[in-house]
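# Descriptive structure summary
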Amino acid sequence: MLKSMSAVWIKIFTIFCLCYTAEMNGVVWKEIGQSITIQCRIKLDQTHLSLKKGINKDNDSVVIYKTTGKITTSEEMSRRVQTHGIFPNIDILIKNLSTSDTGPYWCVYSHTDESYKQQTTDGKGSVLLVVTGKDFFY
Ligand SMILES: *[C@@H]1O[C@H](CO)[C@@H](O)[C@H](O)[C@H]1NC(C)=O
Ligand SMILES: *[C@@H]1O[C@H](CO)[C@@H](O)[C@H](O)[C@H]1NC(C)=O
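Position numbers for residues start from 1 in each chain and track the written sequence from start to end. Chains and ligands are labelled by the order in which they are written, letters from A for the one and numbers from 1 for the other. With pLDDT at 70 or above as the cut-off, local features in this predicted model cover only qualifying residues; side-chain atom pairs require 80 or more to be listed or tallied, and sums for whole chains, interfaces and linings still use all residues. Hydrogens are left out, water is left out, and the side-chain values use all remaining heavy atoms of the structure.

## Details of the sheet that holds strand β7 (residues 89-94)
Spelled out, the test is: Whether two strands pair depends on DSSP finding at least two bridges between them. Put simply, DSSP marks the helices as runs of H or I at least four residues long and the strands as runs of E at least two long, and each gets a number from the N terminus on. Note on geometry: axes are C-alpha line fits, over the in-contact stretch for helices, and angles between N-to-C directions span 0 to 180 degrees.
The three strands lie next to each other as β2-β7-β6, forming an open sheet whose pairing is antiparallel. Looking at strand neighbours, the two that pair on one side only are β2 (36-40) and β6 (81-86), the edges of this open sheet. Going from strand to strand, the sheet's axes swing by 20 degrees on average, the running direction of each strand aside.

## Some words on the pairing of β2
Heads up, the condition is: Note on classification: 1.4 Å probe, protein chains only; a residue is buried when its accessible area is under 20% of the maximum for its type, exposed when over 50%, partly exposed between these limits.
On β2, burial follows the alternation: Ile36, Ile38 and Cys40 on one face are buried, whereas Thr37 and Gln39 on the facing-out side are not. With five bridges connecting them, β2 and β7 associate as antiparallel partners. From the neighbouring strand, isoleucine 36 faces β7, where its bridge partner is isoleucine 94.

## Let's talk about the state of the cysteines
Put simply, the rule reads: When two cysteine sulfur atoms are found within 2.5 Å, that pair is recorded as a disulfide.
Within the structure shown, the criterion is met by one disulfide. One disulfide in the model links cysteine 40 with cysteine 107; its S-S distance is 2.0 Å. Its torsion about the S-S bond being -70 degrees, the disulfide of cysteine 40 and cysteine 107 is classed as left-handed. Within this pair, whereas cysteine 40 is found in strand β2, its partner cysteine 107 is found in strand β8 (residues 103-112), the two being separated by 67 residues in sequence.

## Remarks on the packing of aromatic side chains
The description of an aromatic ring pair uses the distance of the two centres, along with the angle that the planes make with each other. How we decide: Pairing of aromatic rings covers Phe, Tyr and Trp, the last through its six-membered ring, and needs centres within 6.5 Å; plane angles under 30 degrees mean stacked, over 60 mean edge-to-face, and all others mean tilted.
The final tally for this structure, using the stated rule, is one aromatic pair. When the centroid spacing of 6.3 Å and the interplanar angle of 80 degrees are considered together, the rings of phenylalanine 87 and tyrosine 109 count as edge-to-face. Here tyrosine 109 lies in strand β8 and phenylalanine 87 lies in the loop between β6 and β7, a separation of 22 residues in the sequence. In this structure, phenylalanine 87 and tyrosine 109 share a single accessibility class: buried.

## Topic: the side chain of serine 50
Let me state the cut-off plainly: Whether two residues touch is decided by their heavy atoms; if any such pair falls within 4.5 Å, the residues are in contact.
Of note, serine 50 is situated in strand β3 (residues 48-53). Assessed through its relative accessible area of 5%, serine 50 is described here as buried. Beyond its immediate sequence surroundings of up to four residues, serine 50 is in contact with Asp60, Val62, Val63, Trp106, Cys107 and Val108.

## Some details on the nonpolar core
A general trend in soluble globular proteins is that nonpolar side chains are found buried together. Stated formally: Here, nonpolar core means buried Ala, Val, Leu, Ile, Met, Phe, Trp, Tyr and Cys residues that are tied together by side-chain atoms lying within 4.5 Å of each other.
Formed by 21 residues in total, the largest nonpolar core has its most connected members in Ile38, Cys40, Leu49, Leu51, Ile92 and Ile94. Elements that contribute at least two residues to this core include exactly β2, β3, β4 (59-65), β7, β8 and β10 (126-132). Residue contacts for cysteine 40: discarding those within four places in its chain leaves Leu49, Leu51, Pro88, Asn89, Ile90, Ile92, Cys107, Tyr109 and Lys124.

## Brief notes about unusual backbone geometry
At the junction of phenylalanine 87 and proline 88, the peptide bond is cis and its omega measures out at 5 degrees in the coordinates. Locating proline 88 in the fold gives a position in the loop between β6 and β7. The phi torsion at lysine 57 lies on the positive side, around 55 degrees, for a residue other than glycine. Relative to the assigned elements, lysine 57 resides in the loop between β3 and β4. Positioned with a positive phi, tyrosine 116 is a non-glycine residue whose angle comes to about 60 degrees. By the element assignment, tyrosine 116 lies in the loop between β8 and β9 (118-122).

This is the structure in structure tokens:
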């Protein structure tokens, strides 16, 4: 128990150090079963928004397309995600959180430039989510 607890803390600490950049809003603590709203914002015109998960931003949790309004979610997020707002300013609600949802989430926007290259820009609203069980602090 104690051993697994410190492993969790080391993980949180590592993620925090790696992700504490200018774009990161901060750490959000939630309990299992609660919800989080991630408020992605950007001032520039964009074609789609990816809510990316992980230190290396390697997993697309939610992708929202401006023109079609199409929304795709990862397997682990399916049926738990609702979006509100007018593109590119989107509030992403994730319900029924579990400990495996712990990690950094990034608001990454993309658009295609004049030479048809895909350009990505970090928006505002990225957070480090920590989901804890009831026994987390004991
Ligand atoms: C990314 O997705 C893969 C496959 O679904 C999964 O195994 C991995 O744990 C995910 N990574 C994160 C950081 O959630
Ligand atoms: C919440 O997620 C858990 C698994 O993490 C699942 O067993 C439970 O049925 C879900 N509850 C709701 C209301 O969807």
